[in-house]
Amino acid sequence: MELFTDEYFMREALKEADKALAINEVPVGAVVVCKNRIIARAHNQTEKLTDATAHAEMLATTAAANYLGSKYLSECTLYVTLEPCVMCAGALHWVQLQKLVYGASDVQRGYSLVNTPLLHPRTTVVTGTKAEECKKLIDTFFARIRKAGER
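Residues numbered from 1 in each chain as written. Predicted model: local features only at pLDDT ≥ 70, side-chain atom pairs only at ≥ 80, totals over all residues. Heavy atoms only, no water.

Secondary structure assignment for the chain yields five helices and five strands. Counting helices and strands in the order they occur from the N terminus, the chain gives α-β-β-α-α-β-α-β-β-α. In terms of C-alpha radius of gyration, the chain reaches 14 Å, essentially the compact-globule figure of 15 Å for 151 residues. Projected onto the principal axes, the alpha-carbon positions of the chain cover approximately 45 × 35 × 30 Å. Carbon together with sulfur atoms contributes 53% to the accessible area of the chain, which is approximately 8300 Å² in total. The averaged location of the 17 negative side-chain charges in the chain is 2 Å from the averaged location of its 18 positive side-chain charges. (Helix = DSSP H or I, 4+ residues; strand = E, 2+ residues; numbered from the N terminus. Rg over C-alpha atoms; globule rule 2.2 N^0.38 Å. Areas by Shrake-Rupley, 256 points an atom, 1.4 Å probe, with all protein chains shown as cover. Lys, Arg positive; Asp, Glu negative; His and termini not counted. Charge placed at Lys NZ, Arg CZ, Asp CG, Glu CD.)

In structure tokens, the structure reads:
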């Protein structure tokens, strides 16, 4: 069995972020991997679903739990293009995620801004994977929004 790298799976998450950008959502994408296989994919859909909780991480972990038939993702890795917010980090705690890999840091709303540990104590965190590409998508989106005078 071929083993894929963090960079490979982050590229897959970036494909999801591109889907969000194409529908004028904040371009965040996520994939959940279990045993070296993608079991769930998602991108932000807060505008489309009119749901403030429809973040890529929330949608991907729900799909992964449904796929596995378990509320726990203790053997799974979540690859997400942007550092999770506090809400998503709390959800990742409850699903007992094994590993979190994120690209760009979120210096305004990321969970790491909170001085309380939010992730499950056994969750391994890897940061900065393809960070420049992830940040470029976010910057492109918000430049477009500022130019259009929206949101």
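Moving on, there is more to tell.
In this section: the UniProt feature "binding site: Zn(2+)" (unreviewed entry) in the chain. Per the UniProt annotation, the sites labelled "binding site: Zn(2+)" (unreviewed entry) are H55, C85 and C88. Spatial clustering of the annotated residues is evident: they stretch over 34 residues in sequence, but the largest pairwise C-alpha distance comes to 9.2 Å. As for its placement among the helices and strands, C85 is situated in the loop between β3 (76-82) and α4 (86-94). Among residues more than four places away in sequence, those in contact with C85 are H55, E57, R109 and Y111. Looking at the element boundaries, C88 is found in helix α4. Among all residues touching C88, those that are not within four sequence positions of it are H55, E57 and M58. (UniProt positions renumbered as here; feature names shortened; annotations may be inferred. Contact = heavy atoms within 4.5 Å.)

It is worth spelling out the side chain of E25 at this point. Take E25: it is sitting in the loop between α1 (6-22) and β1 (29-34). For E25, a relative accessible area of 1% gives the class buried. Of the polar contacts made by the side chain of E25, one reaches the backbone nitrogen of T46; its length is 3.1 Å. (Buried < 20%, exposed > 50% of the residue type's maximum accessible area, 1.4 Å probe, protein only. Polar contact = N/O pair within 3.5 Å; in protein donor to acceptor, adjacent residues only side chain to side chain.)

In the contact formed by helix α3 (residues 56-68) and α4, the axes pass within 9 Å of each other and the chain directions differ by 20 degrees. When the axis of α3 is compared with that of α4, the two are roughly parallel. The two elements α3 and α4 meet at a crossing, and its hand is left-handed. Across from E57, M58 and T61 in α3, the residues of α4 making contact are M87, C88, A91 and L92. Its residues assigned to classes, the contact of α3 with α4 comprises five nonpolar, one polar and one charged. (Axes fitted to C-alpha atoms, helices over the stretch in contact; angles between N-to-C directions. Parallel < 35°, antiparallel > 145°, perpendicular 65-115°, else oblique. Left-handed = near helix turned anticlockwise from the far one by under 90°. Nonpolar A, V, L, I, M, F, W, Y, C, P; charged D, E, K, R; others polar.)

Looking now at α3. Taking 1.5 Å of rise per residue, 13 residues should cover 18 Å, and α3 covers 18 Å from first to last C-alpha, within 8% of that figure. Among the residues of α3, those classed as buried are A56, E57, A60, T61, A64 and A65. Down the axis of α3, the smallest arc covering the buried residues is 150 degrees, so these residues share one side. Once α3 finishes, G69 follows within two positions and takes phi at roughly 70 degrees, a positive value. (Expected span 1.5 Å × (residues − 1). Arc of directions from axis to C-beta.)

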